[in-house]
Structure formats: C-alpha cells, structure tokens
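Residues per chain, in single letters:
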Number of protein chains: 2
Amino acid sequence: MSAFPKLTAEEAAEYISNDALLVCGGFTAAGCPKVIPLALAKRAERFHADRKPFRIKLLTGASTNDAVDGELGRARAIAFRAPYQADRDLRKFINDGDVDYVDGHLSRYAHLLRQGFFGDIDVAVIEVSHCTDDGELTLTTAVGSAPVFCRNAKYILLERNTYHEKIAGFHDLYDVELNHVPIPLRSLSDRIGTKTLRVDPKKILGVVETHLPDGIEAFKPCTSVHEAIAGHVVDFLLREIRRGVLPVTPLAIELGTGNITNAVLKHIGTCEEMPKFSVHGEVLQDGILELLTQGRIEFAVGSSLTVTDPWLQKIYEREDFYKERLLLRPSEMTNHPEVIQRLNLVALNAALETDIFGNVNSTHVMGTSVMNGIGGAGDFARNAGLSIFMLPSTAKDGKISSIVPFCSHIDLTEHDVDVIVTEQGLADLRGKSPEQRALCVIENCAHPDYKPLLYAYLRRAKSGHIRHDLTAAFAFYDAYEKTGDMRNARL
Amino acid sequence: MSAFPKLTAEEAAEYISNDALLVCGGFTAAGCPKVIPLALAKRAERFHADRKPFRIKLLTGASTNDAVDGELGRARAIAFRAPYQADRDLRKFINDGDVDYVDGHLSRYAHLLRQGFFGDIDVAVIEVSHCTDDGELTLTTAVGSAPVFCRNAKYILLERNTYHEKIAGFHDLYDVELNHVPIPLRSLSDRIGTKTLRVDPKKILGVVETHLPDGIEAFKPCTSVHEAIAGHVVDFLLREIRRGVLPVTPLAIELGTGNITNAVLKHIGTCEEMPKFSVHGEVLQDGILELLTQGRIEFAVGSSLTVTDPWLQKIYEREDFYKERLLLRPSEMTNHPEVIQRLNLVALNAALETDIFGNVNSTHVMGTSVMNGIGGAGDFARNAGLSIFMLPSTAKDGKISSIVPFCSHIDLTEHDVDVIVTEQGLADLRGKSPEQRALCVIENCAHPDYKPLLYAYLRRAKSGHIRHDLTAAFAFYDAYEKTGDMRNARL
C-alpha cells in the first residue's frame, strides 16, 4: 500500500482550479498523463455549462497526447500554453487568438520557468511507473521537463501506470540547475545522472492508478519526395565522411521527428556504406529502434521513447539488450548547448520554408499561423557541428514554393543553417557569401517551376551585401493570397 | 639574435601572392599587424599599375586597424573577407558587390576554418611581443583567432612589436579544438590555458621588427539618448537584482562595444546601488578599465584590450595590479556557448532595428547594406542567462523608426531576445506571447511619432498567432525610399 491517497481521476482533477498554472509530464504522447487531463476537461465543461469561468495555463514537456492538448483544448479549458504543441484543434484556437501561446527554444524553457516567467506552478501531473513512500519516482516513456516541473510545483498528482512496469532503469536524470559546473558528459552513452526522480513526498496529493499504453501512431508510408530528400542527405553524409570532414568515430546524429526523418532512417538502413553511428536527440521513434536493433545505430539518447506499441513490447521483452543501448534524459540535457556542442552532432531537422539566403521558417505558415513551434530546432541547429534542414521544394501540389525570396517568418537565421536539402538537390552554404548562397539555393533546391521567378527576384533586387527589393520580397505570398498559386507572382 | 630571418615589411609582403588566403591576427585594431598589410597594399598597387591581378582572401579575428581593412581594401586587394569588419571603405566595396563577405557567428568561425570551408590558409601575419627560437609566441593586446590561425596556416610571418614588452602574462590560451571534453572553467577568472602560444618554428618565414601603438581612438561623448538608454538598463538590472532573478554573486555581464555600452558603463560608475560585477566579453574598452581600476568591476575577461594609449600605459605601469584582474582569451573561448551558458551572463548588445515581435536586425541597413556583421551578438544573446538589446528608437532625425512591423533582416530571432531597450523605455518580453510582445514593444520602446503607425499595422494585420499583413509589413521602408521619411507610411 502506498503512503499517498489513492484517488480517482475525477478526485484528482478537483485539485486543479480555474486559473491554475498546470504542468503535465511527458514529451510527445509518450509519458503524458492520460486520465487526469480527461477528467479535468470534463470538470471545465461542467463549469462552463454553469456559466462559470474555468481556464488554466498549461505547460508541458513538448507536444502531448489527445487527452492533454486535444480534450483540454476542445473543452476551452486552456488560456495560455507553452512551450510546444502539435494538436490540430489547439492550434486552431491559438491561431484564432483564443489561446496565448509562447513558443521558444526548449533548452531555455526550464531557465525561464525557474525564474518564474510563467508564474508559480500550482500542480504538476506526472505519469510514473513506480513511486516509493518517500517520494522516489520512476518516470515512464519520457522525461521531458518532469524533473524541473516536480521541483518547482507546489503540488504533484501522480498517474501510476502499471503498463510500463519494465521501464525502470532506462532513465538518466542529471540535474543541470546548478551553474558554474561543467556537465561531466564525455560520450553520449555516459550515464551521469540517477535512474529515479526524488521529490518532496509532502507535495504529492495522491495517486491515480492506470494501465494504458501511450497510443503512439505509426508514420504514414514515405512519399517519393521524402525518399528523394533522404537520398540526397545520405549521399551528402557519405561524401563528407569520405573527405574526412565528418568525424566517423564517434559519428552522432540528431534526427528531428516526422516523415522525412523516417525516410532518412529507411535510406540509411539500406545503405551499407553508411558507418555505424549514435543518435542523440529529443524523440526516439520506431525507425531509430529498428536500426538500433540491427546494430546499425550503436546507442540512442532521447527525451522520449515515442514508439508504437509493438516496438515498446519488443523493448520490454528484451529490456537488458535495450538498457545497454538506450537512455532517456531530461530535455534540458538533450537540448543543452554545452552537450550538443561537445558531441559535435550532425543535426537533421525539417523546415516549413527557407529563403534563398539560407534563413529558415520552421513554425509559421505564411508568417502568421503557427504549426507546432520551434521546439529543439534552434538548440540543435545553432550548436551542432553540421546543421542540415530538409523540406519538399513545394507544397499544395506545387502552388506554394518552399523556397522564397524572403521568409515570412524566421526561426533560424542564415548564420545557423549549413545545408538545405529538397527533393531537387542539396545546397551546402558553408563559407559562402549571400550572393553565392542565393545562387546555390536556387540552382540546387528550388523547384523548376519557381527557378525563373527566384532568379528574376535576384535580378530586380538592388545591389547590396544581401540583394533584396523589399517591395517585392513577399510577392510570392501576395500571389498565393490573390490567385491561390505562387507561380503567378510578378517579378 | 632570433633564429628567424629579420625581414623588412616589404620583404615579408613578397611571401603573399595573388589569390592567397591570408589571415591576420588581432581583434579590433588591438593586436593587428601594422606594417606588413601596408606593404602588401603597396605591392598590390604595383601589380595593378602593371595591369596584373592581385587580390587576396582575407580572414581576421574581427574588425581591424586601418592598415588591414582600410589600406588593403582601398588598394582593391581584397576579393573575399570573413568573419567581421567595421571599415567604412571596405564596407562600401562589400555593399557594391566588389568584395564577397561572409558574416557569421564568431563562435562557429574556427570550426568552419578547421574544416577547410575558407580554403587552406597560405600565410598568417601575427603581431607578437616576444618569440623564442623554438616557436613560443607571446601575443600582444589581442588573442582573437591567432591560435587557430597559427595552427592551420602553412606559413607564419611575425611582426615583433616592442611597444608591448609588458603584455606577457595577460593571456590565457586554452585549446577548445579537442571535442568530447568539458571546458574546465568554473569561474570566469579561472586560468585554464597557457600564457604563450606554441607554433611549429619551421612555419615561421621571418620577423619584422616594429614599435607602434595600436592607435585606438576614444569614444565620442555620450548623447542624451544613449544616457537615457543606459539609465533604463541600469534601473532594470537593479530591479532584477532586488527581486532575486539576477544572481548577485557572481554577477557577470557581457558588454558589446560602442557608444551605448560606454553610456551604460558611465551610468554604473555613478550608481552606488549597483553591486560589484565581472565582465566577460569580446572587447575590453576604456570604460571597463576605469571601473576595474575603481574596484567596481572585479575581474574582466576579453579577447582584446581595445583601450586608448593613456589607458594602456596605466596598465603597463601597474601590470601586477591588472594581471590579477584581467585575462585575454581566444574568441573561440570568450564566445563559446558552453562558457557563456555556464557563466549565466547578462548580455548587453546594440541593435540596428527590432520588430514589434522581438526579432533583431543587427547587421543590414534596410535589409541590404551590411554595417559590420553579427560578430558575437548571436553567441551571447542565444546563450546568456538574460539577453538585452539596446538601440535608439529612431535614426536620421526621426525619419527612420528603429522599431518596425517586420525587420528588414533578422540576425536574432524572437526566441533569442529577452529585453529591448530604447531611450523611450524597456520591454521585457520573457514569457510573453507574440500579441503581448507586440503591445509591450510598441508601448514601451517605440517613439511617439511612430506609435500610431505601429498600432495601425497591428490592427490591419490578420488574425494568427503572429499578426502580420505581409502586403504592408515593409511599408515603413517603402515610405522612406519614396519620401525620405518613415512617418509617411500609409497603414
């Protein structure tokens, strides 16, 4: 018997008041609380039915499961949200101006949180597989920001999920809060932290028992565009390895999540020339586990095990094998500039659009509608030894060019972007002046339908270190808004 | 007698051929070679008079003295330049498209250099105060990139400047080239490197003797606008210290160079409530030495001692006093993300313009004409514990607003900017959504002449997480180009 009160989800939700600052553990759907958020959404709906206000401020590790952002969002129970989301419904409320959303580098988030810029944390809802009477918690399939949440929250509600009984031992919880101390990590596989999280047991309000999988969905099959991008990326990595620019031992790669990443992993899987490597990043997805199992990936570090249930079962069945090859760390550690710099990572991330000078928009469609958020893209791109951005050259059946004269929103500047890849080809921008970069991006990455337009822009642009004509810089967007097709831009 | 040939500047310049990749030591005018670049400019002019081509690729630590960028630039001897410049003539050639210029984060520069993205270094010209027969060099008033230049250059030419006989002992040369090792710095005053630089003596082609000061000019007197900005900054720092958000011990501040920084230093000098602090940055200027001498600054670390000659004389007269309070490090160390993060710096940097959402342009006037370069602004802003950007709210007698709807060039994104300060006031953007940021910047930082226009922009901007109307986003620049005054923008 646990020392903490056993609660139903509904009882637990009663502890969360209107206007509370709530934080939820997890990172992606992995490790997210599953039943308390649902009960909280119902609680909010009851308040609203009685014409009483009920909206909370919500912070999480990253994106969440549907119970957190979906149910709470649709119940109109979220007034404020940080630092990352990827929910279709919540996104709409954010873009409609109904929810205030603060999107920022994941590596800076804990720092702002500790300094109180989001307010005092009222309640942390954390999924655990085990908890002892004296407050020693075993997290489940993600770490994310759970340690900093627990340390700074006034109260903690636990969901003890017996589905993940075998997860104990996969965590490496190092505390980066203390300044002035070098992080003692020399290799990404070094274990430098603890396997469990110590919290003040007096903070724990109670425990809700669950037995539920994370419900991670598999990626859709890769398209030929994704495969072409992956092909260019792998060819390029092999060239860089051959000429000795990439360190072959140890080669460490950061992989953002998504379909293109999936295609890259598949391509590596079929490419015998690609040496073994390690993975250090935020999210460990099925494709990484597949290569890890084959021995192609030697070690994988992430903040979440965002894998489908069949893969999770395989991990739990061979826990000893995977415990020697896999660690889950706080996102403050995976995304820490010091750590990323030291590992000399190759960072592979997706982008929404780039401009011809190498600036990257990874968050806002047409400069206004947020998709997800910057997440760790800035942390990795800025500090990696080699920073690669991948995107299809067009969207909406060719009506949108992903390569534009001037990005409608900039998350990563020209200074942080080494290489841009589309299905058309690859532009290596390192050591190049703006003029050289523009020609390189247009020639190698732009879709043939848009090359003449981009060259025309460059011709009409005035002289200057960076050639721009600000009256025409956004002509692509203007054409899309007026005609539904960027190819109608007049330049 | 030295083991190395004693050369005249003209003889030394003969070693540098057309199309060579030349690197010059120094950081700002401090520590720059003084006579070989001048002789090289004359050599180039002789070639040009004979209708022969003579243009080199030039890399430096940062900006230079007039002998390097000025004389070589005006002699049309520079074809390619990186990573930072601040010379009026060279800037014009860059903006006219005559010189290819690559502007990038100083912390990433050595990495690109080692990987060969600027080509193989033919000759390094390095100013030293001493050199031994076995290649032990004592640098002068700057370190900059001299260590990586010497390690990677095929040949080295030395200017031995006896003016700086007393500089020996101020340097701390730690080598960050080896990866996978934590930098063992715990406090900014820790000495972790060597006082001298070891180079392969076989690389040294010869030594040119000189006896010349750096010729650093004093700053112009502060204007009332600079003083108002400085006042807001110091008031804010004191508020943050009072509420416990800034660590008082040890408080470490990074100060970019320039008139506003100078005003901040003056303001701190007259403000008794401001606690003692340390300085960690690129450039140590007169104002820092003044507070260091008074004991208000406890320790100062920089990559250059960019002080006027009277201050340099004071340092050399009391060398023991200053050697206990001052260190010169490679810019790769001063700007290293790991170091900046660990010191939890307060970063104070100047900006050219910011937009209402918190993006900063620190390099390109009207999006096209480069001023200097990003230098270390991105290194410090991105990794500091608190990142502050300072700028006057208007330029050109009010005809230009420095606060615009959409920056014409973005060097630091909304994710890297915590606080914006103008003479009008201060906007703390931490933890704020885009809408909240826009209102905060307009209300606190914009000049009254421009507030109605900025509010009008926000009203016409569509809904969305970030409210923009891309057809009007650059209306301020359009008005300036057509009427010479941004106040005529129609919104």
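Every value quoted in this text rests on a predicted model; they were computed, and no experiment measured them.

Enquirer: I tried to follow the overall build of chain A on my own but got confused; where do I start?
Expert: The secondary structure content of chain A amounts to 17 helices and 26 strands. Here chain A, with 491 residues, has 65% of them falling under the buried criterion. Of all intrachain contacts in chain A linking residues separated by at least 6 positions in sequence, the fraction that spans at least 24 positions is 71%. Accessible surface for chain A amounts to roughly 16,900 Å². Of this, 49% is attributable to carbon and sulfur atoms. Between the averaged position of the 54 positive side-chain charges in chain A and that of its 65 negative side-chain charges there is a distance of 2 Å.

Enquirer: What's the story with the side chain of lysine 34 of chain A in this structure? I'm lost.
Expert: All names here are of chain A. Along the chain, lysine 34 falls in the loop between strand 1 (21-24) and helix 2 (36-49). Engagement of the side chain of lysine 34 in a polar contact is seen with the backbone oxygen of cysteine 32, the distance being 2.9 Å. Dropping the residues within four chain positions of it, lysine 34 is found in contact with Asn65, Ala67, Glu127, Glu159, Asn161, Leu212, Pro213 and Asp214.

Enquirer: Before we go on, may I ask you to explain the packing of helix 8 (residues 259-269) of chain A against helix 9 (residues 286-294) of chain A in this structure?
Expert: Residues and elements named next belong to chain A. With their axes 9 Å apart at the nearest point, helix 8 and helix 9 run at an angle of 20° to one another. Relative to helix 9, the element helix 8 is oriented roughly parallel. For the element pair helix 8 and helix 9, the recorded crossing hand is left-handed. Here Asn262, Leu265, Ile268 and Gly269 of helix 8 come into contact with helix 9, specifically with Gly287, Ile288 and Leu291. A per-class count over the contact of helix 8 with helix 9 returns 4 nonpolar, 3 polar and no charged.

Enquirer: Please clarify how the sheet that holds strand 24 (residues 403-404) of chain B should be interpreted in this entry.
Expert: As a general point, the strands of a sheet are linked pairwise by backbone hydrogen bonds and lie either parallel or antiparallel. All names here are of chain B. With respect to topology, 3 strands assemble into an open sheet ordered 18-17-24, the strand pairing being mixed. Of all the strands in the sheet, the pair left with one neighbour each is strand 18 (360-361) and strand 24. As judged from the 2 bridges shared by strand 17 (residues 353-355) and strand 24, these two strands associate in the parallel manner. From the neighbouring strand, aspartate 355 faces strand 24, where its bridge partner is valine 404.

Enquirer: Hey, could you run me through the confidence of the model for chain A in this one?
Expert: Detailed reading of the predicted coordinates is not advisable wherever pLDDT is low. On average, residues of chain A carry a pLDDT of 96, and 99% of them reach 70 or more. Taken together, the chains of this predicted complex give a pTM of 0.97 and an interface ipTM of 0.96.

Enquirer: Explanation requested: helix 10 (residues 309-317) of chain B in the structure shown.
Expert: An α-helical turn contains 3.6 residues, so any two residues separated by three or four positions project in the same direction. Residue and element names in this part refer to chain B. Residues Trp311, Leu312, Ile315 and Tyr316 constitute the buried set of helix 10. One face of helix 10 carries all of its buried residues, which in axial projection span an arc of 140°. Within helix 10, the exposed residues directed more than 90 degrees away from the buried face are Pro310 and Glu317.

Enquirer: Just checking my understanding: could you explain the interface of chain A and chain B for this structure?
Expert: You'll often see interface size given as the accessible area lost when the parts meet. Counting residues at the interface gives 81 residues for chain A and 81 residues for chain B. Between chain A and chain B, a total of about 6,500 Å² is buried, with carbon and sulfur atoms accounting for 52% of that surface. If you look at where chain A meets chain B, you find 6 salt bridges. A salt bridge links glutamate 338 of chain A to arginine 342 of chain B; the nearest nitrogen and oxygen atoms lie 2.9 Å apart. Between the two partners, chain A and chain B, sit 40 residue pairs in polar contact (both at pLDDT 80 or more). Elements with a minimum of two residues in the side of chain A that touches chain B: helix 4 (88-95), strand 4 (100-101), helix 5 (106-114), helix 13 (337-343), helix 14 (377-383), helix 15 (434-445) and helix 17 (475-483) of chain A. Here the residues of the side of chain A that touches chain B sort into 31 nonpolar, 30 polar and 20 charged.

Enquirer: Can you help me understand the pattern of salt bridges in this one?
Expert: Pairing between side chains of opposite charge can happen when their charged atoms approach one another. All chains considered together, the criterion is met by 74 salt bridges over all chains. With a shortest N-O distance of 2.8 Å, arginine 114 of chain B and glutamate 332 of chain B are connected by a salt bridge. You can see arginine 114 of chain B sitting in helix 5 (residues 106-114) and its partner glutamate 332 of chain B sitting in helix 12 (residues 331-334), a full 218 residues away along the chain. One salt bridge connects glutamate 414 of chain B with arginine 437 of chain B, and the closest N-O pair in it is separated by 2.3 Å. With a gap of 23 residues between them, glutamate 414 of chain B in the loop between strand 24 and strand 25 (419-422) and arginine 437 of chain B in helix 15 (residues 434-445) connect regions that are remote in the sequence. When sorted by exposure, glutamate 414 of chain B lands in the same class as arginine 437 of chain B, which is buried. Among the charged side chains, a network of salt bridges with common partners joins Asp66, Glu71, Arg74 and Asp89 of chain A.

Enquirer: Got a minute to help me understand the sheet that holds strand 15 (residues 326-328) of chain A in this structure?
Expert: Residues and elements named next belong to chain A. Reading across from one edge, 15-13-11-10-16-21-25-26 is the order of the 8 strands in this open sheet, with mixed pairing throughout. Of all the strands in the sheet, just strand 15 and strand 26 (425-428) have a single pairing partner and so form its edges. Neighbouring strand axes in the sheet, compared pairwise and without regard to direction, differ in orientation by 20° on average. As judged from the 3 bridges shared by strand 21 (residues 386-390) and strand 25 (residues 419-422), these two strands associate in the parallel manner. The residue of strand 25 that forms the bridge with methionine 390 is valine 421. Along the sheet face, helix 15 touches strand 25 and strand 26 and points at about 170° away from the line of strand 26.

Enquirer: Is there a simple way to explain the packing of aromatic side chains in this structure?
Expert: Given two aromatic rings, one states the distance between the centres and the angle between the planes to describe the pair. All told, the structure shown has 20 aromatic pairs over all chains when counted by the stated rule. Centre to centre, the rings of tyrosine 109 of chain A and phenylalanine 149 of chain A are 6.4 Å apart; their planes meet at 90°, and the pair counts as edge-to-face. A residue pair is termed long-range when its members are at least 10 positions apart, and tyrosine 109 of chain A in helix 5 and phenylalanine 149 of chain A in helix 6 (residues 146-152) qualify at 40 residues. Residue tyrosine 109 of chain A shares its accessibility class with phenylalanine 149 of chain A, and that shared class is buried. Geometrically, the ring pair formed by tyrosine 109 of chain B and phenylalanine 118 of chain B is edge-to-face, given 5.9 Å between the ring centres and 65° between the ring planes. Judged by relative accessible area, which is 4%, tyrosine 109 of chain B ranks as buried.

Enquirer: It is not clear to me how the domain arrangement of chain A should be interpreted in this structure. Could you clarify?
Expert: Residue and element names in this part refer to chain A. Partitioning chain A into domains gives domain 1 (9-210) and domain 2 (224-448). A straight line from the C-alpha centre of domain 1 to that of domain 2 covers 27 Å. If you look at the interface, domain 1 gives 45 residues, while domain 2 gives 48 residues. Carbon and sulfur atoms supply 60% of the area that domain 1 and domain 2 bury against each other, a total of about 3,800 Å² over both sides. Summed over the shared surface of domain 1 and domain 2, the number is 3 salt bridges. Run the count over domain 1 and domain 2 and you get 30 residue pairs in polar contact (both at pLDDT 80 or more). Residue assignment for the side of domain 1 that touches domain 2 shows that the elements contributing at least two residues are helix 4 and helix 5.

Enquirer: How should I be thinking about the relation of the copies chain A and chain B in this particular structure?
Expert: Superposition of the two copies of the chain requires a rotation about an axis and a shift along the axis. The two copies are related by a screw operation: chain A maps onto chain B through 180° of rotation and 0.0 Å of translation along the axis, at an RMSD of 0.0 Å. When the rotation and shift are considered jointly, the pair of chain copies conforms to a two-fold rotation axis. Judged by C-alpha distance, glutamate 338 of chain A is the residue of chain A that lies nearest the rotation axis, at 2.2 Å.

Rules of the game
Residues numbered from 1 in each chain as written. Chains lettered and ligands numbered in written order. Predicted model: local features only at pLDDT ≥ 70, side-chain atom pairs only at ≥ 80, totals over all residues. Heavy atoms only, no water. Helix = DSSP H or I, 4+ residues; strand = E, 2+ residues; numbered from the N terminus. Buried < 20%, exposed > 50% of the residue type's maximum accessible area, 1.4 Å probe, protein only. Contact = heavy atoms within 4.5 Å. Areas by Shrake-Rupley, 256 points an atom, 1.4 Å probe, with all protein chains shown as cover. Lys, Arg positive; Asp, Glu negative; His and termini not counted. Charge placed at Lys NZ, Arg CZ, Asp CG, Glu CD. Polar contact = N/O pair within 3.5 Å; in protein donor to acceptor, adjacent residues only side chain to side chain. Axes fitted to C-alpha atoms, helices over the stretch in contact; angles between N-to-C directions. Parallel < 35°, antiparallel > 145°, perpendicular 65-115°, else oblique. Left-handed = near helix turned anticlockwise from the far one by under 90°. Nonpolar A, V, L, I, M, F, W, Y, C, P; charged D, E, K, R; others polar. Pairing = 2+ DSSP bridges. pLDDT = per-residue confidence, 0-100. Arc of directions from axis to C-beta. Buried area = accessible area lost by both parts, 1.4 Å probe. Salt bridge = Lys/Arg side-chain N within 4 Å of Asp/Glu carboxyl O. Phe/Tyr/Trp six-rings, centres within 6.5 Å; stacked < 30°, edge-to-face > 60°. Domains from an automatic or database assignment. Least-squares fit on C-alpha atoms with pLDDT ≥ 70 in both.

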